[in-house]
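In case you want the letters, here they are:
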Amino acid sequence: MFETLKEQPADKILMLMQAYKEDPREQKVDLGVGVYKDPQGRTPIMRAIKAAEKQLWEVEETKAYTGLAGDPAYGDAMVNLVLGDAVPRSNVAAAATPGGTGAVRQGFDLARMASPGVRVFHSDPTWPNHLSILGHMGIEKVPYRYFDDETRGVDFDGMMEDIGKAGKGDVVLLHGCCHNPTGANLNPSQWKAVIDLLLETGATPMIDIAYQGFGDGLDADAEGVRMVASSVPECLIAASCSKNFGIYRERTGILMAVCNDPAKQKLNQQTLNYLNRQNFSFPPDHGARLVTMVLNDPELRGDWAAELEDVRLTMLGLREQLAAELQRLTGSDRFGFLAQHRGMFSRLGATPEQVEAMRESHGIYMVGDSRFNVAGLNKDTVPVLVEAIVKAGV
Ligand code: LMR
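What counts as what
Residues numbered from 1 in each chain as written. Predicted model: local features only at pLDDT ≥ 70, side-chain atom pairs only at ≥ 80, totals over all residues. UniProt positions renumbered as here; feature names shortened; annotations may be inferred. Helix = DSSP H or I, 4+ residues; strand = E, 2+ residues; numbered from the N terminus. Rg over C-alpha atoms; globule rule 2.2 N^0.38 Å. Buried ≥ 20, exposed ≤ 12 C-beta atoms within 10 Å, placed from the backbone. Contact = placed C-beta atoms within 7 Å. Near = placed C-beta within 6 Å. Nonpolar A, V, L, I, M, F, W, Y, C, P; charged D, E, K, R; others polar. Domains from an automatic or database assignment. Expected span 1.5 Å × (residues − 1). Pairing = 2+ DSSP bridges. Axes fitted to C-alpha atoms, helices over the stretch in contact; angles between N-to-C directions. Core = buried A, V, L, I, M, F, W, Y, C linked by C-beta atoms within 7 Å. Parallel < 35°, antiparallel > 145°, perpendicular 65-115°, else oblique. Left-handed = near helix turned anticlockwise from the far one by under 90°.

By the naming in an unreviewed UniProt entry, the chain is Aromatic amino acid aminotransferase, taken from Allosediminivita pacifica. Per UniProt, the comment on the chain under Subunit (unreviewed entry) is "Homodimer."

See below:
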């Protein structure tokens, strides 16, 4: 039967990772996949994670299964991190998943179970894997306008007009913060307007939050999610610990189903457990356990939050340096948006040909739509990128 298999489209981000590895040049800059790198180009294990790992090695006595939703303490700690006290814990069903991607996948699965003809409205552009997963699952995708190529900000009027077409039984997929791939985000009053529209249409929001703490801070980045969760009758939240805890390969994520009626929580929790069982049974535990230890120990938590804040400020500093050097070299403010964007990514606004030219001339690797990972830069490579941008005529 294998002869019937067809070649599947390659993932653009992963392809780029490979191309970078294979480039023999010494002078090359990886601005592709969303992985934080420190100024020395390493992706370090965060101090608090390392300390928790040491403790865990000492105290862990079994590797027996946890529960289908993972360890309940992980669910509690993550609900608290993402939602704060925006909604009562009793309104939230939560299940650990293999990474944020696992949470996204489980969320779509739940939406399809609840609403077999569900359409998922997604920002145009969005993380390419959202589209790939939806396509693989045979779920209808409806793009909504999001990025204004002129201002490099959010095309809010276009977005509102398009998501207004989603109705009851549809999902509107939103990025909680640090929009991937554009870096352009909603402000609180825009979140409020989106919520009012969702309340009017009855569409269900699903929020993917993979970069909490990378934009304006841990609480500020969760503000939109919290506003949504406390205002709409129900929503889905897919959260990732890959980036903010730096535990990419541990595959640590969580899916939350929030409703304003605690009587429904039990059924939602049972559904999340069921979906885990069907797709992979028990979720991975190691990363989730480390996250729980870090969040529940005031000292580890404080150290983690401080290191995360350093990471955030490093990225902001690079954004500012980049915008300032481009301003100086081009004499124009047209790259000022780079300092306004938040998170790991910005969409530069270069054509695929210009992206290719920057790769040829300066060994700069960014995704073909000109998304680049700010954290892949350092003080010394910013001028290289600036030179490449100018030379390519972006
Ligand atoms: C990215 O967008 O680069 C990250 O989310 C990593 C991935 O899996 O694509």
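Trainee: Describe the overall build of the chain, listing the residues and the values that go with them.
Mentor: When helices and strands are counted, the chain shows 15 helices and 13 strands. For the chain, the C-alpha radius of gyration of 21 Å lies close to 21 Å, the compact-globule estimate for 394 residues. Taken over the C-alpha atoms alone, the chain extends approximately 60 × 55 × 55 Å along its principal axes. Residues counted as buried form 46% of the 394 residues belonging to the chain. When contacts within the chain are restricted to residue pairs at least 6 apart in sequence, long-range pairs at least 24 apart make up 76% of them.

Trainee: Just give me the short version of the site of the ligand, but keep the residues and values in it.
Mentor: Every residue close to the ligand is listed here: Ile13, Val33, Gly34, Trp127, Asn129 and Asn180. Considering only residue class, the shell around the ligand consists of three nonpolar, three polar and no charged. Residue-level mapping places the shell around the ligand at the junction of two domains, with at least three residues from each of domain 1 (11–45 + 309–392) and domain 2 (65–296).

Trainee: Can you tell me about the UniProt feature "domain: Aminotransferase class I/classII large" (unreviewed entry) in the chain, naming the residues and giving the values?
Mentor: Per the UniProt record, the feature "domain: Aminotransferase class I/classII large" (unreviewed entry) sits at residues 27–389. Across residues 27–389, helical content stands at 47% and strand content at 16%; the span's end C-alpha atoms are separated by 16 Å.

Trainee: Got a sec to walk through the domain arrangement of the chain? Specific residues and values, please.
Mentor: The assigned domain composition of the chain is domain 1 (11–45 + 309–392) and domain 2 (65–296). Spacing between the C-alpha centres of domain 1 and domain 2 amounts to 27 Å. Opposite the 23 residues of domain 1 that make contact, domain 2 presents 25 residues. Put simply, the parts of the chain that give the side of domain 1 that touches domain 2 at least two residues each are helix H1 (12–22), helix H12 (298–330) and strand E11 (345–347).

Trainee: Describe in detail helix H4 (residues 99–114), supporting the description with residues and values.
Mentor: Compared with the 22 Å implied by 1.5 Å per residue over 16 residues, the 23 Å span of H4 between its first and last C-alpha is a close match. Burial within H4 is extensive, with 13 of its 16 residues counted as buried.

Trainee: Residues and numbers for the sheet that holds strand E3 (residues 119–124), please.
Mentor: Reading across from one edge, E2-E10-E9-E8-E7-E3-E4 is the order of the seven strands in this open sheet, with mixed pairing throughout. Where the open sheet ends on each side, the last strands, each with one partner, are strand E2 (92–97) and strand E4 (140–145). Within the sheet, the average angular offset between the axes of one strand and its neighbour, ignoring direction, is 20°. Where strand E9 (residues 234–240) lies against strand E10 (residues 253–259), seven bridges are found, and the strand directions are antiparallel.

Trainee: Break down the nonpolar core for me, citing the residues and quoting the values.
Mentor: The biggest cluster of nonpolar side chains holds 113 residues, and the ones touching the most others in it are Val82, Ile237, Met256 and Val294. Broken down by element, the residue count for this core peaks at nine residues, all from H12. Composition of this core by domain shows at least three residues from each of domain 1 (11–45 + 309–392) and domain 2 (65–296). The residues contacting Val294, other than those within four sequence positions of it, are Ala48, Ile49, Ala52, Leu300, Arg301 and Trp304.

Trainee: Outline the packing of H4 against helix H5 (residues 128–137), listing residues and values.
Mentor: H5 packs onto H4 with a crossing angle of 40° between their chain directions and a minimal axis gap of 11 Å. Of the possible angle classes, the one that applies to H4 and H5 is oblique. The handedness of the crossing between H4 and H5 comes out as right-handed. Side by side, H4 and H5 meet where Thr101, Val104, Arg105, Phe108 and Arg112 of the first sit next to Asn129, His130, Ile133, Leu134 and Met137 of the second. Residues of the contact of H4 with H5, tallied by class, amount to five nonpolar, three polar and two charged.

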